[in-house]
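What follows is the residue order along each chain.
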Amino acid sequence: MKYIKKRKKWFENLKKILRLFIKKSEFIYLGEKIEDGSIIISNHEGASSPLTLELYSDFYFRFWGTYEMNSGLKSVYKYLSEIYFHKKKHWNIHLSRIFCIIAAPIVNLFYKGLDLISTYPDGRLLNTIKESIKVLENNKNLVIYPENSNKGYFKALEMFHPGISLFLEQCLKKNINAKVYVSYLKKEERKYIIDKPIYIKELLDMRLSREELASYLCDKCNNLSNIEISK
């Protein structure tokens, strides 16, 4: 399979090294393949889903990701040691802090190459939305992880943040009726299942509240996890 070169040359070389250690997942489409200018919604599975997409997808995209991972080494260390490994992955805090002395510089370098779109838990999310709309207007893809991972990452997703609904509303206001692909990485099986696309307008025409629409998308994502794919 030929992977699309998406990033700077030094980062593409780094990815070649990572592919030696991170096994490839199979991308399974239940409908058409992803077209440019689309939105991909996915479960997170810790770092597994972002890494799988970055290393093995055959389409260009930009990620949404928490602003702490886009704010320099000190911020990356604090986020990894106190939130990601301790609160979300449930590591001992002391082990987490020691491990991140080594991990944080490597992760910081990796995230510098990702061209991440920062997300925020406050009004600054509007900046995220504005930048994301520009991405879609330029006919590029956008990958969003809307799940609430405050308590950790689970196979059965508990909920999606309603900010995803706000974003879809703002897209349509800008006359962007992009296709939305809901997807799910089955980590142990190394299968990335991508559902049939649905247009933004179709979703908003359901006349659901933001919370209800977020729940609907979360359920669609969970349903993909229950699909048995024959080998």
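Everything discussed here concerns the structure shown above.
This text gives an overview of the structure that appears in the document.

This part covers unusual backbone geometry. The phi dihedral of His 90 is positive, around 65°, even though this residue is not glycine. Considering the arrangement of structural elements, one finds His 90 in the loop between helix 3 (73-88) and helix 4 (93-114). Residue classification places His 90 among the exposed residues on the basis of a relative accessible area of 55%. Even without glycine at this site, Arg 207 takes up a positive phi of about 60°.

Of all 9 residues that make up helix 2 (residues 48-56), 8 are buried, and the element is covered over most of its length. What helix 2 keeps buried is the set Ser 48, Ser 49, Pro 50, Thr 52, Leu 53, Glu 54, Leu 55 and Tyr 56.

Turning to the packing of helix 3 against helix 4, a few remarks are in order. In the contact formed by helix 3 and helix 4, the axes pass within 8 Å of each other and the chain directions differ by 135°. Considering the angle they form, helix 3 stands oblique to helix 4. Considering the relative orientation of helix 3 and helix 4, their crossing is right-handed. Between helix 3 and helix 4, the residues in contact are Leu 73, Val 76, Tyr 77, Leu 80, Ser 81, Glu 82, Phe 85 and His 86 and Ile 93, Ser 96, Arg 97, Phe 99, Cys 100, Ile 101, Ala 104, Pro 105, Val 107 and Asn 108, respectively. When grouped by side-chain class, the residues that make up the contact of helix 3 with helix 4 number 12 nonpolar, 4 polar and 2 charged.

Together, Ile 17, Leu 20 and Phe 21 make up a nonpolar patch on the protein surface, roughly 400 Å² of accessible area in all. Secondary-structure assignment places Leu 20 in the loop between helix 1 (9-18) and strand 1 (26-29). A relative accessible area of 70% places Leu 20 in the exposed class.

This next bit is on the pattern of salt bridges. Pairing is possible between side chains that carry opposite charge, provided their charged atoms lie close to one another. In total, this model carries 15 salt bridges according to the counting rule given. Of the charged contacts in the structure, one is a salt bridge between Asp 122 and Arg 124, with a shortest N-O distance of 3.0 Å. According to the relative accessible area criterion, Arg 124 is partly exposed, its value standing at 36%. The shortest N-O distance in the salt bridge between Glu 189 and Lys 186 comes to 3.6 Å. Taking relative accessible area as the criterion, Glu 189 reaches 37% and is therefore assigned partly exposed. Judged by its relative accessible area of 8%, Lys 186 is buried. By sharing partners, the salt bridges in this structure join Glu 12, Lys 15 and Glu 54 into a single network.

This part takes up the side chain of Ser 38. By the secondary structure assignment, Ser 38 is in the loop between strand 1 and strand 2 (39-42). A distance of 2.7 Å separates the side chain of Ser 38 from the backbone oxygen of Glu 35, its partner in a polar contact. Beyond its immediate chain neighbours, meaning those up to four positions away, Ser 38 contacts Leu 136, Lys 140, Asn 141, Leu 142, Lys 179 and Tyr 181.

Ile 39, Phe 167, Leu 168 and Leu 217 are the most contacted members of the largest nonpolar core, which has 34 residues in total. Elements that contribute at least two residues to this core include exactly strand 2, helix 5 (125-137), strand 5 (141-144), helix 6 (163-173), strand 6 (179-186), helix 7 (200-204) and helix 8 (210-225). If you tally residues by element for this core, the top one is helix 8, at 6 residues. Those residues in contact with Phe 167 that sit more than four places away from it in its chain are Ile 39, Trp 64, Ile 129, Ser 132, Ile 133, Leu 136, Leu 142 and Ile 144. By size, the runner-up hydrophobic cluster in this structure holds 29 residues, among which are Tyr 56, Leu 116, Tyr 145 and Tyr 181.

The buried count for strand 3 (residues 61-66) comes to 5 of 6 residues, which makes it a mostly enclosed element. Direction of pairing for strand 3 relative to strand 5: parallel, over a ladder of 3 bridges. Counterpart to Phe 63 in the pairing with strand 5 is Val 143. Where strand 3 meets strand 4 (residues 117-119), 3 bridges bridge the pair, whose relative direction is parallel. Bridge pairing in strand 4 links Thr 66 to Thr 119.

Cut-offs and rules
Residue indices begin from 1 for each chain and proceed along its sequence in written order. Owing to the predicted nature of the model, reporting of local features is limited to residues with pLDDT of at least 70; listing and counting of side-chain atom pairs is limited to 80 or more, with chain, interface and lining totals taken over all residues. Excluded from the side-chain calculation are hydrogens and water; included are all heavy atoms of the structure. The secondary structure listing takes helices from DSSP runs of H or I that are at least 4 residues long and strands from runs of E that are at least 2 residues long, numbered from the N terminus. Relative accessibility decides the category of a residue: with a 1.4 Å probe and only protein chains considered, values under 20% of the type maximum give buried, values over 50% give exposed, and everything between is partly exposed. A fitted line through C-alpha atoms represents every axis, and for helices the fit uses only the stretch in contact; the resulting angles, taken between N-to-C directions, go from 0 to 180 degrees. An angle below 35 degrees is read as roughly parallel, one above 145 as roughly antiparallel, one from 65 to 115 as roughly perpendicular, and any other as oblique. In this scheme the crossing of two helices becomes right-handed for a clockwise turn of the near helix relative to the far one and left-handed for an anticlockwise turn of less than a right angle. Whether two residues are in contact is decided by their heavy atoms, any of which lying within 4.5 Å being enough. Gly counts as polar in this scheme, as do all residues outside two lists: the nonpolar Ala, Val, Leu, Ile, Met, Phe, Trp, Tyr, Cys and Pro, and the charged Asp, Glu, Lys and Arg. Patch definition: residues above 30% relative accessible area lacking any salt bridge, with like charges linked at up to 9 Å and the nonpolar side chains Val, Leu, Ile, Met, Phe, Trp and Tyr linked at up to 5 Å. Shrake-Rupley sampling with a 1.4 Å probe provides the accessible areas, and residues are treated as covered by the protein chains on show and by no other component. Salt bridges are defined by distance alone: a side-chain nitrogen of Lys or Arg within 4 Å of a carboxyl oxygen of Asp or Glu. For the purposes of these results, a polar contact is taken to be a pair of N or O atoms within 3.5 Å, where, inside protein, one atom must be able to donate a hydrogen and its partner to accept one; residues adjacent in sequence count only when each atom of the pair is a side-chain atom. Nonpolar cores are built from buried Ala, Val, Leu, Ile, Met, Phe, Trp, Tyr and Cys residues. Side-chain atoms within 4.5 Å join them into one set. The pairing criterion is simple: DSSP has to find at least two bridges between the two strands.

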